Structure formats: structure tokens, C-alpha cells
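Below are the chains, spelled out letter by letter.
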Amino acid sequence: MPNEKITAYKAGARVRTEVIATGLGERYYISEKTKEGILLTEMTPNGATTNQIYNKTASDPETALAEYIGTGRELAVEQLDAYTPPRISAACEACGKSALQRELDTIDIVNIRDVPALPMLVCTSCNAKSYFITKEYIRNLSDSNTGMFTEEELSLREEDKEAFINAIWEHVIRIFASKKINRVKLEG
């Protein structure tokens, strides 16, 4: 059986795939060369981040992306003059405009050393920060970053993973609420 060809677009230090079907629904992937490694981000077509991995040993965004999307898929990379940030299908809760971007898309990616564990959005109209976190993202974060949690938390995770995910979800909501950072409502 031949490899599935996935079209990806490269501009500068970023490579972004077209939307592809996966077992979890439609996704696209972004691979970005930072100062300290490669950031791989998995998103839904409406702009929800479902996974984010910061690989500090990888040096090439194309190779890291090809490894992440797995065997049976081949990247066909086309060079572009400029990167097009993902569209976030939501209005800013502060000003009401549809001008949200990933905060990382507003920064020169090659200068980034540390990537926040929870992806942030920023309104390019009013500069308000917001977030949208899915339980899938929290599940992936907890699976790939067990070092972030105490032994007690990991024990709870082993006993009842869904209760663990819900506890983190509620904790994240409380943290952002205390900082007066809005959770956006994605469309679609």
C-alpha cells in the first residue's frame, strides 16, 4: 500500500500541514524551529490545540513533523514566502472581534526558549489574552509530562484517569479566572 501524501507548507522556521483525517477527527500539524528545539502542535480546523510537544533534541522541523505524523504518511513540503497562522474560529471575549491568534504566532519563533505548558491566544485588535483548552489537550499533556505531577497526583491518575483530567481542567479554569483571562468559545 503506498504512503499517504500529506501536503505541508514551509515558511521560515515553520512547517504547517494541510488538514488531514485522523482517528480522532480532522487535524493539522505545525512544526516550529525554536531557539531550543522543535515545537510540534496538533490542532483542529477551528483552532483548538489538542496536543503540543516540545522536542529539545530535534533540530529539523520537517523531520520532526514527519516522525510525529507517523509511518504510512509522506510529507510533500512546498516552500512559501510567508507563514499563515492558523485561524482561530472564535471572537475575542474582551472586544468581540474575530482577531485571535496563537500567542506564539505573534512572537519571532526562533527566539523562543521556553514554551508555555498551556497555549495562549492573543487578540490582535485589543491585545487581550485568552485561552481555549480541551480535555484532550490535558489528557495528552498528562500522558507526556508525568514529571509535572506529584506522586499523589500520579496515583490519582492511575486510580481514575477521568477524575484526574477533570481535576486538572477545573484547576486550569480557576487559575485563568483568578488572572481574569477569558476562555473563548470556539465555533464549529
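The residue numbering used here restarts from 1 in each chain and proceeds along that chain's sequence as written. Reporting of local features is limited, given that this is a predicted model, to residues whose pLDDT is at least 70; pairs of side-chain atoms are given and counted only at 80 or more, and all residues count toward the totals for whole chains, interfaces and linings. For the side-chain quantities, the full set of heavy atoms in the structure was used; hydrogens and water were omitted.

Labels follow the DSSP assignment, with helices taken as runs of H or I lasting at least four residues and strands as runs of E lasting at least two, numbered in each case from the N terminus. With respect to the helices and strands, the residue Thr34 is situated in the loop between β4 (25-33) and β5 (38-43). Classification of Thr34 by relative accessible area gives buried; the value is 2%. Residues count as neighbours in contact if any of their non-hydrogen atoms are within 4.5 Å of one another. With residues near it in sequence (within four places) discarded, Thr34 still touches Leu39, Tyr54, Ile109, Val110 and Ile112. Exposure is judged per residue with a 1.4 Å probe applied to protein chains only, and the accessible area is read against the type maximum: over 50% gives exposed, under 20% gives buried, and values in between give partly exposed.

Among the residues of helix α1 (residues 61-69), Pro61, Ala64, Leu65 and Ile69 are the ones counted as buried. Considered in projection along α1, the buried side chains sweep an arc of 125° and stay on one side of the axis. On the buried face of α1, the contacting elements are β1 (4-11), β2 (14-17), β4, β5 and β7 (73-79). The positive-phi residue at the C-terminal boundary of α1 is Gly70, with phi of around 95°. Read the arc as the range of directions from the helix axis to the C-beta atoms.

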